[in-house]
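Observations on the model geometry
So the chains spell out like this:
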Amino acid sequence: MQPIVDTSLWLTHKRRALARPAADADFLMRRVADRLGAVERKFDRAAVLFCQTPAAVDVLAASGKVTDIARVEADAAFLADAAGLVAPLETVPFEPESLDLAVSLLSLQAMNDIPGMLVQIRRALKPDGLFLGAFAGAGTLSELRESLLAAETELYGGASPRVIPFTDVRDAGALLQRAGLALPVADVETVTVRYDSLFGVMADLRAMGETSALIDRSRRPGTRRLFARAAEIYAERFSDADGRVRASFPIVWMSGWAPDASQQKPLKPGSAKISLKTILENPGGR
C-alpha cells in the first residue's frame, strides 16, 4: 500500500502542539469524546487507541460502564503522568480476544493502513466485543482546500496538495465489513466552526497539531502572498452575512462487533414477510 501520510511528521506536529498548548484547541476531540457517554452497554476491559488526549478515557470512566480502561499512545508525551502503553501508530498491542471494547478517536485519518488497523482491532476483541471509532471524513476543511488550490493556481499556474484526502462515510462501512466486523454501522456528523478569517482556521489547525503531513506535500514554503490571496478567496466564497467564515469538519462514526453466535443475523433472501416494492409504494402501511 502506497503511504499517503508522513506519520512521523504527524506525530511531530502533535508533540509541538502539546508543548505549546492553546486554549480550547481540543474542542473537536472533546465534542467527539462526549458521544461515548451515550453507550448503554457495560464492558469489563476497554482500550482507547491513539486519541492523543485523555478526553475519551475521562468520558468512559465517568460513565461508570467500563471496569478497566487501557490507554495507548504513540508517544509517552501524550500520556503525561497518566498510566498507559506506548506503541507504534497503526498497531494494537493486545492479545487476541482480550478486549470487550476498543475506541479510536480522530487518529484513523492519519493512518496509511486503515484496513489493517481495523483487522487488528477485530482480532483483539472478544466475541461480541465492540469497536467505536471516529475520524475526520470526506469534506473536512473543504473550504480551506478549495481556497488554497484556487490561490496557488492563480498565482503560480499550478497547485500542490496541502490537505490530506479523507475517507467517505460509504467507504467506512465497507472497511468495517472488510475487517470482519459484524453489524457494521457508519454515519457522519458535520461540525461547522466559524472564524474571523482563514488565518483563524490555520491557527486552530496548528494548535491541534493537524497541519499538513502529506508525503507528497509541496516543499516550497507558502508565501504571505499565497495565504493573503487564499484568505480573500475564502472570504468571498465561504463567509456568512456577518463576514465570518465557515470551516467544515465532517466526523465519520464507525461501529462494529466482533462476530459471535448470539448476534442477530441478516434475513435469508426470500424470507421477508413484506416486499421492498410494497414498502416503497405504500410507505405508511404494511
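These figures come from a predicted structure and were not determined experimentally.

1. Looking at empty space enclosed by the protein
If a probe as big as a water molecule is rolled over the atoms, it shows which places are left empty. All told, the structure shown has 1 cavity of 30 Å³ or more when counted by the stated rule. In this model, the largest cavity occupies a volume close to 30 Å³. Lining the largest cavity, in full, are Leu36, Val39, Arg41, Phe43, Leu60, Ser63, Lys65 and Val66. Along the lines of polarity and charge, the residues of the lining of the largest cavity split into 5 nonpolar, 1 polar and 2 charged.

2. Quick word on the layout of surface pockets
Its boundaries defined by the atoms lining it, the largest pocket holds a volume of some 1200 Å³. Every residue lining the largest pocket is counted, 48 residues in all, and those nearest its centre are Leu205, Arg206, Met208, Glu210 and Thr211. Put simply, the parts of the chain that give the lining of the largest pocket at least two residues each are helix H1 (7-19), helix H2 (27-34), helix H6 (142-156), helix H8 (198-208) and strand E7 (245-257). Taken together, the residues of the lining of the largest pocket break down into 31 nonpolar, 8 polar and 9 charged. If you add up the space inside the second largest pocket, you get close to 260 Å³.

3. A look at the sheet that holds strand E2 (residues 66-73)
Judged by pairing direction, the sheet is mixed, and its 7 strands sit side by side in the order E3-E2-E1-E4-E5-E7-E6 without closing on themselves. One side of each edge strand has no neighbouring strand; the edge strands of this open sheet are strand E3 (85-86) and strand E6 (182-195). Examined bridge by bridge, strand E5 (residues 125-136) and E7 share 7 bridges and lie antiparallel to one another. Opposite alanine 134, over in E7, you have tryptophan 253 as the bridge partner.

4. Here we look at the side chain of serine 107
Summarising the element assignment, serine 107 is placed in the loop between strand E4 (99-105) and helix H5 (114-124). Serine 107 sits in the buried class, given a relative accessible area of 0%. Looking at serine 107, its side chain comes within polar contact range of the main-chain oxygen of phenylalanine 50, at 3.2 Å. Discounting chain neighbours no more than four positions away, the residues touching serine 107 are Trp10, Leu49, Phe50, Gln52 and Ala134.

5. Here's the deal with the packing of H2 against helix H3 (residues 55-63)
To describe two helices that pack against each other, one gives the angle between their axes and the distance between the axes. Contact geometry for H2 and H3: axes closest at 9 Å, N-to-C directions at 30 degrees. Overall, the two elements H2 and H3 adopt an arrangement that is roughly parallel. Classified by chirality, the crossing of H3 by H2 is right-handed. Listed contacts from H3 to Met29, Ala33 and Asp34 of H2 are Ala55, Ala56 and Val59.

6. Examining H1
Structural remark: α-helix, 3.6 residues per turn; residues separated by three or four positions point the same way. For H1, built from 13 residues, the straight-helix expectation of 18 Å at 1.5 Å per residue is met to within 8% by its first-to-last C-alpha distance of 18 Å. For H1, the complete set of buried residues consists of Leu9, Trp10, Leu11, His13, Lys14 and Ala17. Of the surrounding secondary structure, the elements contacted by the buried residues of H1 are helix H4 (76-79) and H8.

7. Regarding the packing of aromatic side chains
Counted according to the given criterion, the structure contains 1 aromatic pair. Between tyrosine 234 and phenylalanine 238 the ring centres are 5.7 Å apart and the planes differ by 75 degrees, which places this aromatic pair in the edge-to-face class. Of the two residues, tyrosine 234 and phenylalanine 238 both sit in helix H9 (residues 224-238), 4 residues apart, roughly one turn of that helix. The class for phenylalanine 238 is buried, based on a relative accessible area of 13%.

The rules behind these values
- Residues numbered from 1 in each chain as written.
- Predicted model: local features only at pLDDT ≥ 70, side-chain atom pairs only at ≥ 80, totals over all residues.
- Heavy atoms only, no water.
- 1 Å grid on protein atoms, 1.4 Å probe; cavity = no way out; pocket = protein on both sides within 12 Å on 5 of 7 lines; lining within 4 Å.
- Points joined across faces, edges and corners; volume = space filled by probe spheres on them.
- Nonpolar A, V, L, I, M, F, W, Y, C, P; charged D, E, K, R; others polar.
- Helix = DSSP H or I, 4+ residues; strand = E, 2+ residues; numbered from the N terminus.
- Pairing = 2+ DSSP bridges.
- Buried < 20%, exposed > 50% of the residue type's maximum accessible area, 1.4 Å probe, protein only.
- Polar contact = N/O pair within 3.5 Å; in protein donor to acceptor, adjacent residues only side chain to side chain.
- Contact = heavy atoms within 4.5 Å.
- Axes fitted to C-alpha atoms, helices over the stretch in contact; angles between N-to-C directions.
- Parallel < 35°, antiparallel > 145°, perpendicular 65-115°, else oblique.
- Left-handed = near helix turned anticlockwise from the far one by under 90°.
- Expected span 1.5 Å × (residues − 1).
- Phe/Tyr/Trp six-rings, centres within 6.5 Å; stacked < 30°, edge-to-face > 60°.

The quantities given are spatial measurements derived from coordinates; they are silent on function.
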